[in-house]
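One-letter residues, chain by chain:
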Amino acid sequence: MRVVVKVGTSTLAYSTGRINIRRIEGLCRVLSDLKNRGMEIVLVTSGAIGMGVGKLGLSGKPKDMPTKQAAAAVGQCELMYVYDKEFGEYNHTVAQLLLTAMDFKNEERHNNLKNTMSRLLSLGVLPIINENDTISTEEIKVGDNDTLSAMVALSVSADKLILLSDIDGLYTADPHKDKNATLISVVEKITPEILALGGGEGSSLGTGGMATKLRAAEICTENGCEMIIINGADCNLLYDLFEGKEVGTRFMANTEKMRHENDND
Ligand code: GLU
């Protein structure tokens with residue numbers, strides 16, 4: 001099974017921008033174990049800007065583009081250093097790929113990406129992907145790693161995309177504001193009503209930005225890949241997921257439903 005896992009800044013780092021050692025260690029341990037089981041894993045990671053902010057001792061997230069890009073350049077090193085060290089402990093080799101929207105849109109670049117990914121996976125390497133923030137301007141950027149991870153999932157023909165979030169999944173209402181909100185465990189089809197649960201641009205149900213997650217779900221499921229949102233605070237939920245237990249919110253693929261349903265058997 002080929003799985004793309006996306007992890008967000010709030011799972012990996014504290015609000016200070018310093019890494020959450022317990023979380024990152026737990027994530028690398030579980031992903032290494034799943035790889036040992038024979039799964040092919042691709043990790044899409046955020047956190048470069050956040051960690052750059054921490055490392056440079058900036059007072060908060062920079063507003064201007066050059067400082068943001070400088071923070072990303074510093075933070076990306078820190079991020080890869082930690083992943084290399086953690087996955088290395090479990091004898092797994094990592095590779096870094098920094099992408100922009102052009103790498104998917106331009107046929108030649110996309111073919112290069114697909115060939116590299118396929119070779120890395122056949123070599124047993126764990127590819128770690130982030131957006132190339134240091135050169136991404138408005139015109140060429142994907143903009144958020146939820147969408148980027150959906151594009152990666154399609155590009156590598158993944159069976160599943162798993163988004164690790166700071167919320168348990170998609171709720172019927174904002175669980176921070178409405179105590180009657182309940183978790184939706186399965187979304188069979190992404191309807192306008194489901195999309196409306198993500199809120200508008202910049203507002204979301206969780207702090208994780210549900211709108212971009214629902215957009216990612218749309219991209220994935222329309223192309224036959226299922227997507228699952230689970231809470232990144234407990235990486236062991238990944239074991240539960242692959243043991244067929246109901247965790248988080250599962251967005252069923254529109255096509256090839258049978259193939260994906262059987263994955264959990
Ligand atoms: N590429 C950004 C970073 O590494 C994160 C984008 C996102 O969180 O969606 O800081």
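Please refer to the structure placed before this passage.
Attention here is on the structure that accompanies the text. For every chain, the first residue of its written sequence is number 1, and the numbers climb from 1 along that sequence. The predicted origin of the model limits local features to residues at a pLDDT of at least 70 and limits the giving and counting of side-chain atom pairs to 80 or more, whereas totals for whole chains, interfaces and linings rest on all residues. Only heavy atoms go into the side-chain values, all of them from the structure, while hydrogens and water stay out.

Turning our eyes to something else, we now look at the site of the ligand. Here a residue is near a molecule or strand as soon as one of its heavy atoms is found within 4 Å of it. The environment of the ligand is made up of S46, G47, A48, I49, N130, D133, D144 and N145. Take A48: an N or O atom from its main chain is 3.0 Å from an oxygen atom of the ligand. Between a nitrogen atom of the ligand and a side-chain N or O atom of D133, the distance comes to 2.8 Å. Here the Shrake-Rupley method, with its probe set to 1.4 Å, supplies the accessible areas, and only the displayed protein chains count as covering residues. In isolation the ligand exposes 300 Å². Once the protein is present, 80% of that is buried. Polarity classes work like this: nonpolar for Ala, Val, Leu, Ile, Met, Phe, Trp, Tyr, Cys and Pro, charged for Asp, Glu, Lys and Arg, and polar for all others, with Gly in that last group. For the shell around the ligand, a count of residues per class yields two nonpolar, four polar and two charged. Any pair of N or O atoms that falls within 3.5 Å is considered a polar contact. Within protein, one atom must be able to donate a hydrogen and the other to accept it, and sequence-neighbouring residues count only if both atoms are side-chain atoms.

Definitions used throughout: a 1 Å grid over protein atoms alone; a cavity as a set of points that fits a 1.4 Å probe which cannot get out; a pocket as an open set with protein on both sides within 12 Å along at least five of seven lines; a lining residue as one with an atom within 4 Å of a point. Grid points are joined across faces, edges and corners, and a volume is the space filled by probe spheres set on the points. Enumeration according to the criterion identifies one cavity of 30 Å³ or more in this entry. In this structure, the largest cavity encloses a volume near 30 Å³. Every residue along the wall of the largest cavity is listed here: V7, T11, L12, R23, I24, L27, G232 and C235. Looking at the lining of the largest cavity element by element, the count peaks at three residues for helix α2 (residues 21-36). Strands here are runs of E lasting at least two residues and helices are runs of H or I lasting at least four, both read from the DSSP assignment and numbered beginning at the N terminus.

Time to look at the packing of aromatic side chains. Remark: the centre distance and the inter-plane angle together describe each pair of aromatic rings, the angle taken between the planes. Two rings from Phe, Tyr or Trp (for Trp, the six-membered ring) form a pair when their centres are within 6.5 Å of each other. A pair whose planes differ by under 30 degrees is stacked, one over 60 is edge-to-face, and the rest are tilted. Overall, the coordinates contain one aromatic pair when judged by the stated rule. Centroid distance Y83 to F87: 6.1 Å. Interplanar angle 25°. Geometry classified as stacked. Of the two residues, Y83 and F87 both sit in helix α4 (residues 65-89), four residues apart, roughly one turn of that helix. Here's how the labels work: a residue is buried when its accessible area is under 20% of the maximum for its type, exposed when over 50%, partly exposed in between, all with a 1.4 Å probe on protein chains only. F87 gets classed as buried once you look at its relative accessible area, which sits at 0%.

DSSP calls a pair of strands paired once it identifies at least 2 bridges connecting them. If you walk across this open sheet you meet the eight strands as β3-β4-β2-β1-β5-β7-β8-β6, and the pairing is mixed. Pairing within the sheet leaves two strands with one partner each, and these edge strands are β3 (94-99) and β6 (186-187). Pairing between strand β1 (residues 2-7) and strand β5 (residues 160-165): five bridges, direction parallel. Counted as the bridge partner of K6 is L163 from β5. Two residues qualify as a contact provided that any one of their heavy atoms is within 4.5 Å of a heavy atom in the partner residue. Only the contacting stretch of a helix is used when fitting its axis, a line to C-alpha atoms as for every element, and angles between N-to-C directions run 0 to 180 degrees. Across the face of the sheet, α4 comes into contact with β1, β2 (40-45), β3 and β4 (126-131) while running at roughly 155° to β3. Of the strands in this sheet, β1, β2, β3 and β4 are in contact with helix α6 (residues 107-122), which crosses β3 at around 165°.

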